[in-house]
Amino acid sequence: MIKPYTDQPGSRKEQVRQMFNTIAGKYDFLNHFLSLNTDVRWRRKVSRILRKLARESQIPLNQLEILDVATGTGDMAFEMAKFEPASITGVDIAEEMLAIARKKAEQKGLLSITFLSGDSEELDFPEQKFDFVTVAFGVRNYEDLEKGISEMHRVLKPGGHLLILEFSQPSGIMGSLYNVYSKRILPLLARMFAADPRAYQYLPDSIFAFPHGEKMKKLLLEAGFSKSYYRKMSGGIVSLYVSGK
Ligand SMILES: C[S@@+](CC[C@H](N)C(=O)[O-])C[C@H]1O[C@@H](n2cnc3c(N)ncnc32)[C@H](O)[C@@H]1O
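From a predicted model like this one, the values you see are computed outputs, not experimental measurements.

Asks: Help me out: how do you make sense of the overall build of the protein chain in this one?
Replies: Assigned secondary structure in the protein chain consists of 8 helices and 7 strands. Here the protein chain has a C-alpha radius of gyration of 17 Å; the compact-globule value for 245 residues is 18 Å, and the two agree. With the C-alpha coordinates aligned to their principal axes, the bounding extent of the protein chain is approximately 50 × 40 × 35 Å. Out of the 245 residues in the protein chain, the part that is buried amounts to 42%. Taking the intrachain contacts of the protein chain between residues at least 6 apart in sequence as the baseline, contacts between residues at least 24 apart amount to 67%.

This is the structure:
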């Protein structure tokens, strides 16, 4: 199992929490910088697809109850707040990331979003509570992916949807370019700018070790979702997995 600090003791979850607490202050800047701001477009796309699914299910947007897991500094939640759903709850294991999310919410005047400390593998919510669960760049960090998926399935209402945005592995020329970028350039940039360069070595390592495409779809169907499909974005650098309960 890929861990951020391979030479140190502690479970993957503890190390992931420590890593995100350490890099929290620079997370937003590095996210936008290293992805050339494309991360904003990726999250916007998730929000658009969520709205389309809500329309198809004939649920008015202002009645939607949404859970954003591994919410971090809250960008996925803020993107969805634009269409004013009934509620958005963001949960994360890293308090420092949540502190920044709360500060941003205050600055944006979006105090209706609730940011809570919580573990995606043991969600502190009753069954069938949410219409949608979203996770942007979070599942790759779970200690127990199957458990995390089954928890997200549990808290969804029947007919609800899970939307997972996650890095995948592009193929062809895009794959070769991406390999060079993520294995050579990214760690170099991280050494120059990051508070904890090991975090940006962990990033490509965890991406290459993580299931994507059909493998991920299979895991989602095995967890009990009745349907699941995915679409690649930016040549397969990321994929969006949409699963219905
Ligand atoms: C790469 S950040 C993504 C943050 C945000 N969703 C975004 O789009 O920028 C991953 C987040 O997952 C959180 N995380 C990792 N494992 C978790 C778990 N088991 N439960 C809750 N959050 C977790 C980390 O603390 C971190 O804030």
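Asks: Before we go on, may I ask you to explain the packing of helix α1 (residues 12–34) against helix α4 (residues 95–108) in this structure?
Replies: In a packed pair of helices, the relevant descriptors are the angle between the two axes and the axis-to-axis distance. In the contact formed by α1 and α4, the axes pass within 7 Å of each other and the chain directions differ by 30 degrees. Taken together, the axes of α1 and α4 are roughly parallel relative to one another. Contacts between α1 and α4 pair Phe20, Asn21, Ala24 and Tyr27 from the former with Glu95, Glu96, Met97 and Ile100 from the latter. Partitioned by chemical class, the residues of the contact of α1 with α4 number 5 nonpolar, 1 polar and 2 charged.

Asks: Got a minute to help me understand the nonpolar core in this structure?
Replies: Nonpolar side chains in soluble globular proteins tend to end up buried together. Counting 59 residues, the largest nonpolar core has Val133, Leu163 and Leu165 as its most contacted members. The contact partners of Leu163, leaving out residues within four places of it in the chain, are Val46, Ile49, Leu50, Phe132, Thr134, Leu240 and Val242.

Asks: Mind showing me how you'd approach the site of the ligand here?
Replies: Close to the ligand lie 23 residues; Ala70, Gly72, Ala94, Ser120 and Ala136 are nearest. Listed by contribution, the elements that provide at least two residues to the shell around the ligand are α1, α3 (75–81) and β2 (87–92). In terms of residues, the shell around the ligand owes the most to one element, α1, which gives 5 residues. Considered class by class, the residues forming the shell around the ligand number 11 nonpolar, 6 polar and 6 charged.

Asks: How should the environment of Lys104 be read in this particular structure?
Replies: Within the secondary structure layout, Lys104 lies in helix α4. Sequence separation between Lys104 and Gly74 is 30 residues, and the spatial gap between their C-alpha atoms is 8.1 Å. The residues contacting Lys104, other than those within four sequence positions of it, are Thr73, Gly74 and Phe78.

Asks: I would appreciate a short explanation of unusual backbone geometry in the present structure.
Replies: With the exception of glycine, the majority of residues adopt a negative phi angle, and the majority of peptide bonds are in the trans configuration. The backbone of Gln58 sits at a positive phi, close to 60 degrees, despite the residue not being glycine. As for its placement among the helices and strands, Gln58 is situated in the loop between α2 (38–56) and β1 (65–69). Even without a glycine there, the phi angle at Ala70 is positive, about 55 degrees. Among the structural elements, Ala70 can be located in the loop between β1 and α3.

Asks: Can you walk me through the sheet that holds strand β7 (residues 238–244) in this structure?
Replies: Through backbone hydrogen bonds, the strands of a sheet pair up, either in parallel or in antiparallel fashion. Across the sheet, which stays open at both edges, the 7 strands sit in the order β3-β2-β1-β4-β5-β7-β6 with mixed pairing between neighbours. The open sheet terminates on both sides in strands that have one partner only, identified here as β3 (113–117) and β6 (227–233). Ignoring strand direction, the axes of neighbouring strands in this sheet form an average angle of 15 degrees. Here 7 bridges tie strand β5 (residues 156–167) to β7, and the two strands are oriented antiparallel to one another. Note on β7: the bridge partner recorded for His161 is Gly244. Helix-sheet contacts for α4 involve β2 and β3, and the interaxial angle to β3 is about 165 degrees.

Reading guide: rules and limits
- Residues numbered from 1 in each chain as written.
- Predicted model: local features only at pLDDT ≥ 70, side-chain atom pairs only at ≥ 80, totals over all residues.
- Helix = DSSP H or I, 4+ residues; strand = E, 2+ residues; numbered from the N terminus.
- Rg over C-alpha atoms; globule rule 2.2 N^0.38 Å.
- Buried ≥ 20, exposed ≤ 12 C-beta atoms within 10 Å, placed from the backbone.
- Contact = placed C-beta atoms within 7 Å.
- Axes fitted to C-alpha atoms, helices over the stretch in contact; angles between N-to-C directions.
- Parallel < 35°, antiparallel > 145°, perpendicular 65-115°, else oblique.
- Nonpolar A, V, L, I, M, F, W, Y, C, P; charged D, E, K, R; others polar.
- Core = buried A, V, L, I, M, F, W, Y, C linked by C-beta atoms within 7 Å.
- Near = placed C-beta within 6 Å.
- Pairing = 2+ DSSP bridges.

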